[in-house]
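Read off the chains here:
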Amino acid sequence: MDDARNLKKYVLLAATLASFLTPFMGSAVNLAIPSIGREFHLEALMLNWIVTSYLVASSVFLLPFGRVADLYGRKKVFLAGIITYTLLSLLSGLATSGEMLILLRILHGIGGAMIFGTGVAILTGVFPPQERGKVLGINVAATYTGLSLGPVVGGFLTHQLGWRYIFFLNFLLGLTVLLVTLFKLKGEWRDARGEKFDPAGAVLYSLSMAALMSGIAAANTTTLARWVLVAGIVLLALFIRKELRYPFPLININLFRNLVFAFSNLAALIHYSATFAVGFLLSLYLQVVRGLDAQTAGFILLAQPVLMAILSPLSGRLSDRVEPRLLASLGMALSFAGLTLFTLINKTTPIWAVMVNLVLLGTGFALFSSPNTNAVMGSVEKRYYGVASATLGTMRLVGQALSMALVTLFFGFYMKGKAVTSATSPLLLKSMHVSFLLFAVLCACGVFFSLARGEVRGKQEHPAR
């Protein structure tokens, strides 16, 4: 009994630390973007790719690694991901050019995919259904705590020591997670023994994701990029067709016949697509348009993730008793309201108004995320936990990558290769207004899908097969 209790404790600790690690780095790097641009003399589109390259790589490899984890062991894949992620954090801090940093960020994203595809699956497999909402709430709170501390610590490090120290600190944090995993996580978890890996499906999926994300980001720059986007759509269709016929698919497409699973994942995709780029855009707005230093901008951006960290555990516990779709839909509606208000932002918008709106977005995100995760994981059998976790993680990462790809698209249209400086701030504001408007429209659609998933509580008693 004590061994089982200790195992739960250390699994929660390892998964929670990992969930803190990746968003902490992501939100910290957002504050460093202007400094990186100045050091490497990068124009707006290259700056976007410092963030986007990591997200694209993570989304490309997440689902294949989730399936590998189900077949061969979630701890093995999780451990490999922590090692890769930690090493690449160190190397990213030593980058000597923008191009080198983007390449390292791609490799960094592969390590992130191994972590994303396994952490929640291990957590869900160890804790019983009646405790799942609580621990998922704690896990999500760790994510938002990372998001909360990222702007503050990232802004401080960038302002006082330089942007490279963000990656060096991330290296030290990664070592901590590695030690906990190596010495405290006993045993292994895999629930798809006897099944086979689908290498052809993995290749089709990875190529389709890479083509879709890069094609969207560069769609308005070259004809080739538009053909890449078309190729991504074709490859995705071929992937789905193959998965329906293969006896041991990379992802069981039949899971999507369950409306709870399908619409909960779709709602996650939409929500992350509509909200992820907010921190990136506001970091540029506060530092470039308003002329604030990175440290001050970090404290302002803190308003949103603090609310996420505070409310997520409460939202997770509430979703064990209250219909998750109602909580998640309310959260999506609040996000819609916040994004709509941000379409009005300009050079004279009071800073307090920006912070109040960030509080609104943070509340919406907290109400959405934990209940939505609980709905997804409660709608499948135990042997599909890895795939369900990886699918939800894929929706999150594809949504984040799509969010940045859309911003890259609008930057390319309005900035036309110009550097992000105070002189080009009117063009930056135009890009922001169009981005926030599209994001608000996406959230409005997301409310519909979130409500349309139907009753979740009954489905958790009879999960999808």
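Please read these numbers as outputs of a predicted model, since none were measured by experiment. (Residues numbered from 1 in each chain as written. Predicted model: local features only at pLDDT ≥ 70, side-chain atom pairs only at ≥ 80, totals over all residues. Heavy atoms only, no water.)

## Some thoughts on the overall build of the protein
- Secondary structure summary: the protein contains 18 helices and zero strands in total.
- Across its three principal axes, the protein shows a C-alpha extent of roughly 60 × 45 × 45 Å.
- Put simply, the protein has 465 residues, and 59% of those count as buried.
- Sequence separation of at least 24 residues holds for 86% of the intrachain contacts in the protein that already meet a minimum separation of 6.
- Here the protein has roughly 17,400 Å² of accessible surface; of this, 71% comes from carbon and sulfur atoms.
- Each charge class in the protein can be summarised by its mean position, and for the 37 positive and 18 negative side chains these summaries are 3 Å apart. (Helix = DSSP H or I, 4+ residues; strand = E, 2+ residues; numbered from the N terminus. Buried < 20%, exposed > 50% of the residue type's maximum accessible area, 1.4 Å probe, protein only. Contact = heavy atoms within 4.5 Å. Areas by Shrake-Rupley, 256 points an atom, 1.4 Å probe, with all protein chains shown as cover. Lys, Arg positive; Asp, Glu negative; His and termini not counted. Charge placed at Lys NZ, Arg CZ, Asp CG, Glu CD.)

## Topic: the nonpolar core
- Leu282 and Phe411 are the most contacted members of the largest nonpolar core, which totals 124 residues.
- When residues of this core are assigned to their parent elements, the largest contribution, 14 residues, is made by helix H1 (residues 2–40).
- Apart from residues lying up to four places away in sequence, Phe411 is in contact with Ala44, Leu45, Asn48, Phe280, Leu281, Leu284, Lys416, Leu428 and Ser431. (Core = buried A, V, L, I, M, F, W, Y, C linked by side-chain atoms within 4.5 Å.)

## Observations regarding the environment of Ile36
- By the element assignment, Ile36 lies in helix H1.
- C-alpha of Ile36 to C-alpha of Leu326: the two residues are 290 residues apart in sequence and 42 Å apart in space.
- Ignoring anything within four residues of it in the chain, the contact list for Ile36 reads Leu42, Ile50, Leu101 and Trp163.

## Remarks on the packing of helix H2 (residues 44–72) against helix H3 (residues 74–93)
- One can describe the packing of H2 onto H3 by two numbers: an axis separation of 8 Å at closest approach and a directional angle of 150°. The angle between H2 and H3 falls in the class roughly antiparallel. Across the interface between the two elements, Tyr54, Phe65, Val68, Ala69, Asp70 and Tyr72 from H2 touch Arg74, Lys76, Val77 and Tyr85 from H3.
- A breakdown of the residues in the contact of H2 with H3 according to their chemical character gives seven nonpolar, no polar and three charged. (Axes fitted to C-alpha atoms, helices over the stretch in contact; angles between N-to-C directions. Parallel < 35°, antiparallel > 145°, perpendicular 65-115°, else oblique. Nonpolar A, V, L, I, M, F, W, Y, C, P; charged D, E, K, R; others polar.)

These figures come from the coordinates and say nothing about function on their own.
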